[in-house]
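Fold and geometry: a report
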Amino acid sequence: MTVILFLVGVVLLVFGADLLVRGAASLAASMGVSSLIIGLTVVAVGTSSPEIAVSLQAAFQGQGAITLGNIVGSNIANVMLILGVAAMFGPLPVDRQIFRRDLPVMIGASLLTLLLAFDRELSRVDGVIMLLGLLGYIWAIWPREATQQTAVSHHHHQQHWRGVVLQLAMVVGGLALLVLGANWLVDGAVAFASWFGVSELIIGLTIVAVGTSLPEIATSVIAGLRGERDIAVGNVIGSNILNLLLVLALTIVLSPQPIAVPVETVQLDLPVMVGAALVCLPIFFTRRMVSQREGSLLLVYYLSYTLYLILSASQNDELPLYNAVVGLVLVPLTVVLLVVRALRWLGEERRLRQITDVAE
């Protein structure tokens, strides 16, 4: 029965988030708010609403490990799993604005979270600092985006009261599904942890993290299938920023007690999250896209990380050998691949400059 409730909880989270996003976006549009602002606020928060619901639910139940594991695991999955899967459907172009503005913010937010967690506790003061970081990010992007708002006729702002009631019902219904789904998901995760004898942190980093990332996974894969591949990268970067500076920060501030940070999170999971953010730099910089080869490498890294968590939780005797293989094979292979990619890109840039000089 617990397994069924857990699966139903995941389904409710996905449908609740979708219902909330569609209802809130329609309501905002009917009030005359531009689609760009809706995307930056309502839709962005809506796609992170499963993380918000699960994290707050877990925090209020005293399951702080699930809260932290859910957010850290979601950010790792967003980069390694979602970008990797989306790249399998074709190269993912990276917008110049994402590379110059949003990627540095994601890396900075990841480093900030790691630094704040060094004392093994996330307090309300830490949460306020992260929320201030979010306000700074919004302030930095608002002037650039505000000038792009399009005028909409007053006729399109007016909608029948029945339409407004329907949109409000969608918002309320989506929130209700999120709360119910989050409750069942957290309860199921705690039950799984006790059944398999693994920590709640491991469950949060794996099952709960992937479950709450389903909206992002669906969005990126569908975008790749429809040929709108530029959406996938922006979806991942934006979601990771909100997960840390909004979801985690809000959870810390509203939690009845500070969230304890396990030592393995400081030593492994948070550094992996920072590493996943940093590896985007060379990938995004060369050619401004994520190739299928780089996507497959990200998938290999995610599977390697997940396998490490499983071996570590089960205290498998093969864990030292596995660590040696990853350290001696996978890491050097990544360095070689990125160096070769950078050299090819530099060669292509040099040839393009030569052709331009000859043409002039």
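Before any of the text, the structure's been laid out above.
Residues numbered from 1 in each chain as written. Predicted model: local features only at pLDDT ≥ 70, side-chain atom pairs only at ≥ 80, totals over all residues. Heavy atoms only, no water.

1. Quick look at the overall build of the chain
When its secondary structure is counted, the chain shows 15 helices and 4 strands. The buried share of the chain, reckoned over its 360 residues, is 48%. Accessible surface, the chain as shown: approximately 17200 Å² in total, 69% of it carbon and sulfur. (Helix = DSSP H or I, 4+ residues; strand = E, 2+ residues; numbered from the N terminus. Buried < 20%, exposed > 50% of the residue type's maximum accessible area, 1.4 Å probe, protein only. Areas by Shrake-Rupley, 256 points an atom, 1.4 Å probe, with all protein chains shown as cover.)

2. Quick word on the pattern of salt bridges
Scanning all chains against the criterion turns up 1 salt bridge. In this structure, aspartate 102 and arginine 101 form a salt bridge, with 3.2 Å as the shortest nitrogen-oxygen distance. Taken as a pair, aspartate 102 and arginine 101 share a single burial class, namely buried. (Salt bridge = Lys/Arg side-chain N within 4 Å of Asp/Glu carboxyl O.)

3. Describing the environment of phenylalanine 15
Position of phenylalanine 15 relative to the elements: it lies in helix α1 (residues 2-30). With a relative accessible area of 55%, phenylalanine 15 lands in the exposed category. Placed 162 residues apart in sequence, phenylalanine 15 and leucine 177 show a C-alpha to C-alpha distance of 7.5 Å.

4. Describing the packing of helix α12 (residues 263-278) against helix α14 (residues 292-313)
Packing of α12 against α14 brings their axes to within 12 Å, and their N-to-C directions diverge by 170 degrees. The pairing of α12 with α14 is recorded here as roughly antiparallel in orientation. Only Tyr305, Tyr308 and Leu309 of α14 make contact with α12, whose side of the interface consists of Leu268, Asp269 and Val272. Broken down by class, the residue content of the contact of α12 with α14 amounts to 5 nonpolar, no polar and 1 charged. (Axes fitted to C-alpha atoms, helices over the stretch in contact; angles between N-to-C directions. Parallel < 35°, antiparallel > 145°, perpendicular 65-115°, else oblique. Contact = heavy atoms within 4.5 Å. Nonpolar A, V, L, I, M, F, W, Y, C, P; charged D, E, K, R; others polar.)

5. Topic: helix α5 (residues 96-116)
If you check α5, its first and last C-alpha atoms are 30 Å apart, about what 21 residues at 1.5 Å a residue would give, namely 30 Å. At aspartate 102, α5 shows its largest kink, close to 35 degrees, and the proline proline 104 lies no more than four residues downstream. Ile98, Phe99, Arg101, Asp102, Leu103, Met106, Ile107, Ala109, Ser110, Thr113, Leu114 and Leu116 are the residues of α5 that are buried. (Expected span 1.5 Å × (residues − 1). Bend = angle between axes of the 7 residues up to and from the residue.)

6. A few points about the side chain of aspartate 126
Positionally, aspartate 126 belongs in helix α6 (residues 124-146). Here serine 123 takes part through its backbone nitrogen, which lies 3.0 Å from a polar atom of the side chain of aspartate 126. The residues touching aspartate 126, leaving out its near neighbours within four places in the chain, are Leu116 and Glu121. (Polar contact = N/O pair within 3.5 Å; in protein donor to acceptor, adjacent residues only side chain to side chain.)

7. Some points on the packing of α5 against α12
Here α5 crosses α12 at 170 degrees, and the two axes come no closer than 9 Å. On the basis of their axis angle, the class for α5 and α12 is roughly antiparallel. Residues Leu103, Met106, Ile107, Ser110, Leu111, Thr113 and Leu114 of α5 form the contact with α12, whose participating residues are Val266, Leu270, Pro271, Met273, Val274, Ala277 and Leu278. For the contact of α5 with α12, the class distribution of residues is 12 nonpolar, 2 polar and no charged.

8. Focus on the environment of phenylalanine 192
With respect to the element layout, phenylalanine 192 can be found in helix α8 (residues 161-196). Separated by 189 residues in sequence, phenylalanine 192 and valine 3 place their C-alpha atoms 8.4 Å apart. If near-sequence neighbours (up to four positions away) are discounted, phenylalanine 192 is found in contact with Val3, Phe6, Ile203 and Ile207.

9. Some remarks on α12
For α12, built from 16 residues, the straight-helix expectation of 22 Å at 1.5 Å per residue is met to within 8% by its first-to-last C-alpha distance of 22 Å. Of all the bends found along α12, the most pronounced is centred on aspartate 269 and spans about 30 degrees, while proline 271, a proline, follows it within four residues. All of the buried residues along α12 are Thr265, Val266, Asp269, Leu270, Val272, Met273, Val274, Ala276 and Ala277.

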